[in-house]
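# Understanding the architecture of this molecule
This is what each chain is made of:
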Amino acid sequence: MKKRNLTFYLFIIPVLLWLMLLIVFPHVDLFLSSFQFENDDGVTVLSFNNYLSFFEDSIYWLTFLRTALYSISITVLAFVVTFPVAFYLTKVVSRKYSSFFVLLLLIPIWVGELVTIYGWMILLSDYGVINSFLIYLGIIDTPIVMLYTDFSMIIGLLYMSMLFMIIPVMSALDSLDDSLIEAASDLGASKWTIATKIVVPHAMPGIASGGIMVFMLIIGDYVAPNILGGKSSLWFTEQIYNFFLTTINWSQGAAFGFLLLMLSSAIIWGVLKLTGQKLERVGS
Amino acid sequence: MDHILEVKDLSKYFVGFTAVQSIDFFVEEGGFFSILGPSGCGKTTLLRMISGFEEESEGDIIIRGESMKGIPPEKRPVNIVFQNLALFPMMNVEENVAFGLKRQKISKTEIVTRVKEMLDRVGLNGFEKKNVTELSGGQRQRVAIARSLVLKPSILLLDEPLGALDRKLREHMKIELKLLQKEIGTTFIYITHDQSEALVMSDKVAVMNKGRFEQIDTPKNLYKNPKTSFVAGFVGESNPFEITSYENGVLTTSHGWKLTKPNLDYTPLKLFIRPEAFILNPTEDLEGIDVVEMKVKTILFDGANTKISAIITQSNDEVLISLPQNAQFEDLKEGDMVKVGIHQDDLKCYKD
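A quick note: this is a predicted structure, and the numbers were derived from the prediction, not measured.

How each quantity is defined
Residues numbered from 1 in each chain as written. Chains lettered and ligands numbered in written order. Predicted model: local features only at pLDDT ≥ 70, side-chain atom pairs only at ≥ 80, totals over all residues. Heavy atoms only, no water. Helix = DSSP H or I, 4+ residues; strand = E, 2+ residues; numbered from the N terminus. Buried < 20%, exposed > 50% of the residue type's maximum accessible area, 1.4 Å probe, protein only. Areas by Shrake-Rupley, 256 points an atom, 1.4 Å probe, with all protein chains shown as cover. Lys, Arg positive; Asp, Glu negative; His and termini not counted. Charge placed at Lys NZ, Arg CZ, Asp CG, Glu CD. Pairing = 2+ DSSP bridges. Axes fitted to C-alpha atoms, helices over the stretch in contact; angles between N-to-C directions. Salt bridge = Lys/Arg side-chain N within 4 Å of Asp/Glu carboxyl O. Contact = heavy atoms within 4.5 Å. Buried area = accessible area lost by both parts, 1.4 Å probe. Polar contact = N/O pair within 3.5 Å; in protein donor to acceptor, adjacent residues only side chain to side chain. Expected span 1.5 Å × (residues − 1). Bend = angle between axes of the 7 residues up to and from the residue. Phe/Tyr/Trp six-rings, centres within 6.5 Å; stacked < 30°, edge-to-face > 60°. Lys NZ or Arg CZ within 6 Å of the ring centre and 35° of its normal.

Summing up its helical and strand segments, chain B has eight helices and 20 strands in all. Summarising its shape, the C-alpha atoms of chain B cover approximately 75 × 45 × 40 Å along the three principal directions. For chain B, the proportion of its 352 residues judged to be buried stands at 49%. Taken as a whole, chain B presents about 17,100 Å² of accessible surface, with 48% of it coming from carbon and sulfur. Between the centroid of the 44 positive side chains of chain B and the centroid of its 51 negative side chains there is a distance of 6 Å.

The next point concerns unusual backbone geometry. Residues and elements named next belong to chain B. Even without glycine at this site, Arg 64 takes up a positive phi of about 50°. Along the chain, Arg 64 turns up in the loop between strand E4 (58–63) and strand E5 (66–67). On the accessibility criterion, Arg 64 (48% relative accessible area) is partly exposed. Positive phi values are uncommon outside glycine, yet Lys 152 reaches one of about 50°. Within the secondary structure layout, Lys 152 lies in the loop between helix H4 (137–149) and strand E7 (155–159).

We now examine the sheet that holds strand E13 (residues 258–260) of chain B. All names here are of chain B. Read from one edge of the open sheet, five strands run E13-E12-E11-E14-E20, paired in antiparallel fashion. Looking along the sheet, the strands with just one partner apiece sit at the ends: E13 and strand E20 (348–350). Strand-to-strand twist across the sheet, computed as the mean angle between neighbouring axes with direction ignored, equals 40°. Summarising the sheet, strand E11 (residues 239–247) and strand E14 (residues 270–273) pair through four bridges and their orientation is antiparallel. Its bridge partner lying in E14, Glu 242 is registered against Lys 270.

A complete count under the given rule lists 18 salt bridges over all chains for this structure. Here A:Asp174 makes a salt bridge to A:Arg95, at a shortest N to O gap of 3.2 Å. Taken as a pair, A:Asp174 in helix H7 (residues 150–174) and A:Arg95 in helix H4 (residues 95–111) lie far apart in primary sequence, 79 residues in all. According to the relative accessible area criterion, A:Arg95 is exposed, its value standing at 59%. Residues B:Lys333 and B:Asp336 are paired through a salt bridge, measuring 3.7 Å at the closest nitrogen-oxygen approach.

Residue and element names in this part refer to chain B. What the five strands build is an open sheet, ordered E15-E19-E16-E17-E18; its pairing is antiparallel. Since the sheet does not close on itself, it has two edges, and those belong to strand E15 (278–280) and strand E18 (318–322), each with one partner. Adjacent strand axes in the sheet meet at a mean angle of 45°, parallel and antiparallel pairs treated alike. Inspection of the sheet shows strand E16 (residues 289–300) paired to strand E19 (residues 337–343) by seven bridges, in the antiparallel sense. In the strand pairing of E19, Lys 295 is matched with Met 337.

Right, let's get into the interface of chain A and chain B. Facing the 16 residues of chain A at the interface are 21 residues of chain B. Buried area between chain A and chain B, summed over both chains or domains, comes out near 1,600 Å², and the portion from carbon and sulfur atoms is 63%. A per-residue breakdown of the area chain A buries against chain B is headed by A:Glu182, A:Asp186 and A:Leu187, which together make up 41% of the total. Between B:Arg48 and A:Glu182 there is a salt bridge, and its shortest N-O distance comes to 2.6 Å. The tally of links from chain A across to chain B stands at six residue pairs in polar contact (both at pLDDT 80 or more).

Attention now moves to the pairing of strand E6 (residues 78–81) of chain B. All names here are of chain B. Along E6, one buried face is formed by Val 78 and Ile 80 and the opposite face, lined by Asn 79 and Val 81, is buried too. Pairing of E6 with E7, which is carried by four bridges, proceeds in the parallel orientation. Across the sheet, the residue bridging to Asn 79 is Leu 156, located in E7.

A few words on the side chain of A:Thr90. Inspection of the secondary structure puts A:Thr90 in helix H3 (residues 58–92). Apart from residues lying up to four places away in sequence, A:Thr90 is in contact with A:Met170, A:Leu173 and A:Asp174.

Turning our eyes to something else, we now look at the pairing of strand E17 (residues 307–312) of chain B. Residues and elements named next belong to chain B. Counting buried residues along E17, five of its six residues qualify, which places the element largely inside the surrounding structure. The pairing of E16 with E17 spans six bridges and is antiparallel. What sits directly across from Leu 300, in E17, is Lys 307. Where E16 folds back on E17, the antiparallel hairpin that results is connected by six residues, among which Gly 303 adopts a positive phi of roughly 60°. Of the strand pairs in this sheet, E17 and E18 are connected by five bridges, and their pairing is antiparallel. The partner of Ser 309 across the bridge, within E18, is Leu 320. Where E17 folds back on E18, the antiparallel hairpin that results is connected by five residues, among which Asn 316 adopts a positive phi of roughly 70°.

Turning next to H3(A). Under the 1.5 Å per step criterion, the end-to-end length of H3(A) is 50 Å for 35 residues, consistent within 8% with the ideal 51 Å. For H3(A), the principal kink sits at A:Thr82 and spans about 35°; a proline, A:Pro84, occurs within the next four residues.

Bringing the packing of aromatic side chains into the picture now. Tallied over the full model, the rule gives 30 aromatic pairs over all chains. When the centroid spacing of 5.0 Å and the interplanar angle of 55° are considered together, the rings of A:Phe31 and A:Phe258 count as tilted. Of this pair, A:Phe31 sits in helix H1 (residues 2–33) while A:Phe258 is found in helix H12 (residues 250–275), placing the two residues 227 residues apart along the sequence. Since its relative accessible area comes to 36%, A:Phe31 is described here as partly exposed. Residue A:Phe258 is classed as buried on the basis of its relative accessible area of 10%. In this structure an aromatic cluster arises from ring pairing among A:Phe54, A:Phe55, A:Tyr60, A:Phe64, A:Phe236, A:Phe243 and A:Phe256. Over the face of the ring belonging to B:Phe99 we find B:Arg103, whose NZ or CZ atom lies 4.6 Å from the ring centre. In this structure, B:Arg274 is placed above the aromatic ring of B:Tyr223, and the distance from its NZ or CZ to the ring centre is 3.9 Å.

Quick look at the environment of A:Asp141 now. Within the secondary structure layout, A:Asp141 lies in the loop between helix H6 (129–137) and H7. Spatially, the C-alpha atoms of A:Asp141 and A:Asn131 are 9.5 Å apart, while their sequence positions differ by 10 residues.

Shown next, in the form of structure tokens:
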């Protein structure tokens, strides 16, 4: 009995160390420092000022609103783009090919976000691949400005997050019995009805967990908005970055980091409530 | 009666094998037609072709005089009850039954009344709001049938729907299905590998083997007069024998048992005898009977289905004989010698 206890502690200690040292303590420290404010006399006091400045200066909450709306839209877009792919890979293609296709989908992750973003820059820049090709074909005379716009930022964010939607949706679709689709079609349902009444409701837990992951990845991403979005991108993480590294106001940065965490959690909670999904089911 | 379904020279080839080969049959309006066959005989492929999920390689399917060529499943006047029922787990009983009606241009009030009517008919009123996952096997069965029947199909196809139920419930559902079919009068085409299901419920049974129909007949004829050796062996229990010679009206089995069977115009190779065809202790004055002595090996007690396994002393052939559960043979025990008679008409001989 004692021996079993020892092995039990040997296994639990790394887990606890991980959770406490790397997750709980840093966040508690961040949380505490977010209330520290240097008053006019140069004395550090406890105050809500760091949080209040978020609401007082409209640029901050407008940026946040913009970040949130873009993140939600891109998450929805990721679902729209990947759902047919996930359906095709699980229900249409035979199993031995589908695992090969999933490997193909993984390639951008292996290469890394930064490299894929530079790849997009090559494609999207004013005299990049796409513009040169269109000019060569004679469709346009002057290059279309795509890089350093919201368009290129959306493409970059979508590209790096799609996989995190596809995998959970595929595993949810995998458990869908083909005979349900056949039964629906036998009862007179069109393809659209089958998709909306049978396939999507069945895949809902997978869609929700994919949605949460994609949303979190996008709202917390810094690289794609910063590089592909250019100067005008106005992504909330960039403001946090600025507080920490440009203006060296760590407590202000901590407060904004917490606001991001809380507001994005609130959005996820709201969407889960709205769609009637339970976090336990989504998480599994 | 009209033919609601006509299948003409229907074949289905897959890469490397033939699932269904030149099948011809028709089903009468309001009939209960079963297709009986071992697994892998092509019966499910045949059903899927009728419902439109599988395209025929050759031949034609005609429902109410209309060819179904190129018509997708959702446009065919047939509905199917799947083997695993395929109820929609994301909907309750009422929504499941209403699913098909909602796909048509029918007013909401009519949908509600028709669903209610259907649920009443299958004995599920009060279950409207229940989730299908909360139902018992028999209730799920009824939801699946109601979901199809509410659309008033010309033909209801059933793909071994009783397979997943336990034995007792299966026996019960057999009778219930037959009564339901009589009551509504919809044509049923029922697929099964369970001969008892097919025999009990059907007006006509087609026995299928290796992609072909061996015989289409009434259950009684199928049992009494099997046309092929496959049917004789597959439908009901039988004692099979190999025949090595046929001379002057006498059959000889591979073990040397001699039986009288006059007037065959072919040389039989196979012989089947039903367990109940053996007459224990026959009276001397019966005509057309061969009497043989046997030694009781074991008694296989199974209530009304009790049989004895006996060895024919003449040839060492082992046979199963039905043992009536009455006072006459109560004292029979292992090792006893019994006289057994077999009537010539009960010897079913086949060329292959």
